[in-house]
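The primary structure of each chain is shown beneath.
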Amino acid sequence: MNRLATIAGVGTSNFGKQAATVEELVWLAIEEALAASGVEHPQIEAIFVGTVFSYTGTAHRALHAAGFAHQPIVTVDNACASGTLAVHLAVESVVNGKYKTVLAVGMEKMSDMITGALPTDPRDSEAAGGMIMPAMYAMSAHRYMAEYGVTAEDLAYVSVKNHHNALGNPRAQYRGDFTIEQVLESRKIADPLTILQCSPISDGAAAAIITHPSVGRSGPSVLSSTFQSGATWPQNHCDVWNYELIERTAACSFDEAGVAISDIDVVELHDAFTIGEIVAVESMGFFARGSGAAATRDGATLPGASVAVNTSGGLLSRGHPLGATGVAQLAEVVWQLTGKAEGRQLDKADIGVVETMGGSVAGLSGNGCLVLTLGA
């Protein structure tokens, strides 16, 4: 396997609507990552930050508060995949030999700026027509239900599973043993999606220390880091929105990493809405087209199954502070691969994957998708 870089340490804040400032959240995440890695502040050569709703200069202010001032800081926005893109760029900078030790940070203080559904660009034709994220995913859900016999109960099961997974994650925003009925009877957001099937407004931060293998730090290896952008859609694709982009990105990542689907033990994937998880497990190749809902309902994605999906609780339950999400997904996979996932630790976790989708633009199969494959 091609070992591109080492994840020497990770850290996160808690997730949820909270009084802590973004500076405090970032400080907590970075300090934990530094402590886990054994790296000290002066050894960080560059910093890559993912954030969506921050003001100009927020990243620099937060990093200054965390003790960083002179290092180059690169701030990126890729919607929900902003943090994952920061990790990808950090890995690339190490692989290309620019730096040996870098820091990737994801951060978002959404509760100060967002109420209700995420704002979209009114100049986009789909957004102007009301196709905000809940509506886009709801339409995907209706099409899947019609084409493959997916039921409302199947969708609700994803929420039940992920909220239950989050019971073992003390940093998660929402945890609980919900029933199918409770999920279906919760407040309707965009038919057939109810509020317990939609990721919440969250605050949080996450950090990762990424080093070149020659540095000699211990930690999981990045076997591949793949970033793809959306293709023209729907003219050339018969699948629902996002499917083609996730499928293409995952196939590239697994091929570059030299791993087969059967090798993967754990995956943190983009479940901003319940249908998103069903689409992702199929498009990534874990289950055949149209069978993801049945496989999920039958327990094939539970901890201890052939592939454990969203052991952290996922975006639905851990929370979805957009800029922080991808780095938080990475942190969960790293903890699983290193046996540090506390009460949710898997018995076997040698290969892990992160998948994050970013945004929507009319006429494209998605803005961007990132898939990272890691090995213990």
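Structure shown above.
It should be emphasised that the depicted structure is a prediction, and the values quoted were computed from it without experimental measurement.

Peer 1: Give me the lowdown on the nonpolar core, citing residues and values where you can.
Peer 2: Judged by nonpolar contacts, the single largest core of 39 residues is most densely connected at Ile7, Val10, Val87, Val102, Ile210, Leu330 and Leu374. If we skip the residues at most four places from it in the chain, Leu374 touches Ile7, Pro220, Ser221, Val222, Leu223, Leu330, Val334, Leu337, Asp350, Ile351 and Gly352.

Peer 1: For the sheet that holds strand 8 (residues 221–229), give the residues involved together with the corresponding values.
Peer 2: With respect to topology, 10 strands assemble into an open sheet ordered 3-2-4-7-1-8-12-11-9-10, the strand pairing being mixed. On the outer flanks of this sheet lie strand 3 (73–76) and strand 10 (308–309), each paired with one strand and no other. Strand direction decides the pairing type here: strand 2 (residues 46–50) and strand 4 (residues 101–109), joined by five bridges, are parallel. By the bridge assignment for strand 4, Val49 is matched with Val105. Running at roughly 135° to strand 1 (residues 5–12), helix 1 (residues 22–37) makes contact with strand 1, strand 4 and strand 7 (203–211) of the sheet. With respect to the sheet, helix 12 (residues 322–337) is in contact with strand 1, strand 2, strand 4, strand 7, strand 9 (266–268), strand 11 (351–358) and strand 12 (368–375), its orientation differing from that of strand 11 by roughly 170°.

Peer 1: How would you explain the side chain of Thr51 if you had to name every residue and give the values?
Peer 2: Tracing the backbone through its elements, the reader meets Thr51 in the loop between strand 2 and helix 2 (58–65). There is a polar contact of 3.1 Å between the side chain of Thr51 and the backbone oxygen of Met107. Setting aside residues no more than four positions away along its own chain, Thr51 makes contact with Thr75, Val76, Asp77, Ser82, Met107, Glu108 and Gly323.

Peer 1: I'd like a rundown of the packing of aromatic side chains, residues and numbers included.
Peer 2: According to the stated counting rule, one finds three aromatic pairs in the structure shown. Residues Tyr144 and Tyr148 carry aromatic rings whose centres are separated by 5.0 Å and whose planes lie at 65° to one another, so their mutual orientation is edge-to-face. Placement of the pair is Tyr144 and Tyr148 together in helix 5 (residues 133–148), with a separation of four residues, close to one helical turn. For Tyr144, a relative accessible area of 2% translates into the label buried.

Peer 1: Tell me about the packing of helix 5 against helix 9 (residues 274–283), and name the residues and values.
Peer 2: Between helix 5 and helix 9, the shortest axis-to-axis distance is 9 Å and the interhelical angle comes to 60°. Considering the relative orientation of helix 5 and helix 9, their crossing is left-handed. Contacts from Tyr137, Ser140, Ala141 and Tyr144 in helix 5 reach Ile275, Gly276, Ile278, Val279 and Glu282 in helix 9. Among the residues making up the contact of helix 5 with helix 9, the classes are represented as six nonpolar, two polar and one charged.

Peer 1: Provide a residue-level description of unusual backbone geometry, including the pertinent values.
Peer 2: Cis peptide bonds are those with omega within 30 degrees of zero, and the linkage from Asp191 to Pro192 qualifies with 10°. Here Pro192 is to be found in the loop between strand 5 (188–190) and strand 6 (193–194). Within the chain, Ala79 stands out as a residue other than glycine whose phi angle is a positive 50°. Along the chain, the position of Ala79 falls in the loop between strand 3 and helix 3 (82–95). On the basis of relative accessible area, Ala79 is assigned to the buried category, the value being 17%. One non-glycine residue, Glu342, lies in positive phi territory at about 50°. For Glu342, the location among the structural elements is in the loop between helix 12 and strand 11. You can call Glu342 exposed: its relative accessible area is 51%.

Peer 1: Run through helix 1, naming residues and quoting values.
Peer 2: Here helix 1 is 16 residues long and its end C-alpha atoms lie 23 Å apart, about the 22 Å a rise of 1.5 Å per residue gives. All of the buried residues along helix 1 are Val22, Glu23, Leu25, Val26, Ala29, Ile30, Ala33, Leu34 and Ser37. Projected down its long axis, helix 1 shows its buried positions confined to an angular sector of 160°, all on one face. In this structure, the buried side of helix 1 is in contact with strand 1, helix 2, strand 4 and strand 7. Within two residues after helix 1, Gly38 carries a phi angle of roughly 80°, on the positive side.

Peer 1: Can you tell me about helix 9, naming the residues and giving the values?
Peer 2: With 10 of its 10 residues buried, helix 9 lies for the most part within the structure. Every buried residue of helix 9 is listed here: Thr274, Ile275, Gly276, Glu277, Ile278, Val279, Ala280, Val281, Glu282 and Ser283. Gly285 lies just past helix 9 and shows a positive phi near 100°.

Rules and cut-offs
Residues numbered from 1 in each chain as written. Predicted model: local features only at pLDDT ≥ 70, side-chain atom pairs only at ≥ 80, totals over all residues. Heavy atoms only, no water. Core = buried A, V, L, I, M, F, W, Y, C linked by side-chain atoms within 4.5 Å. Buried < 20%, exposed > 50% of the residue type's maximum accessible area, 1.4 Å probe, protein only. Contact = heavy atoms within 4.5 Å. Pairing = 2+ DSSP bridges. Helix = DSSP H or I, 4+ residues; strand = E, 2+ residues; numbered from the N terminus. Axes fitted to C-alpha atoms, helices over the stretch in contact; angles between N-to-C directions. Polar contact = N/O pair within 3.5 Å; in protein donor to acceptor, adjacent residues only side chain to side chain. Phe/Tyr/Trp six-rings, centres within 6.5 Å; stacked < 30°, edge-to-face > 60°. Left-handed = near helix turned anticlockwise from the far one by under 90°. Nonpolar A, V, L, I, M, F, W, Y, C, P; charged D, E, K, R; others polar. Expected span 1.5 Å × (residues − 1). Arc of directions from axis to C-beta.

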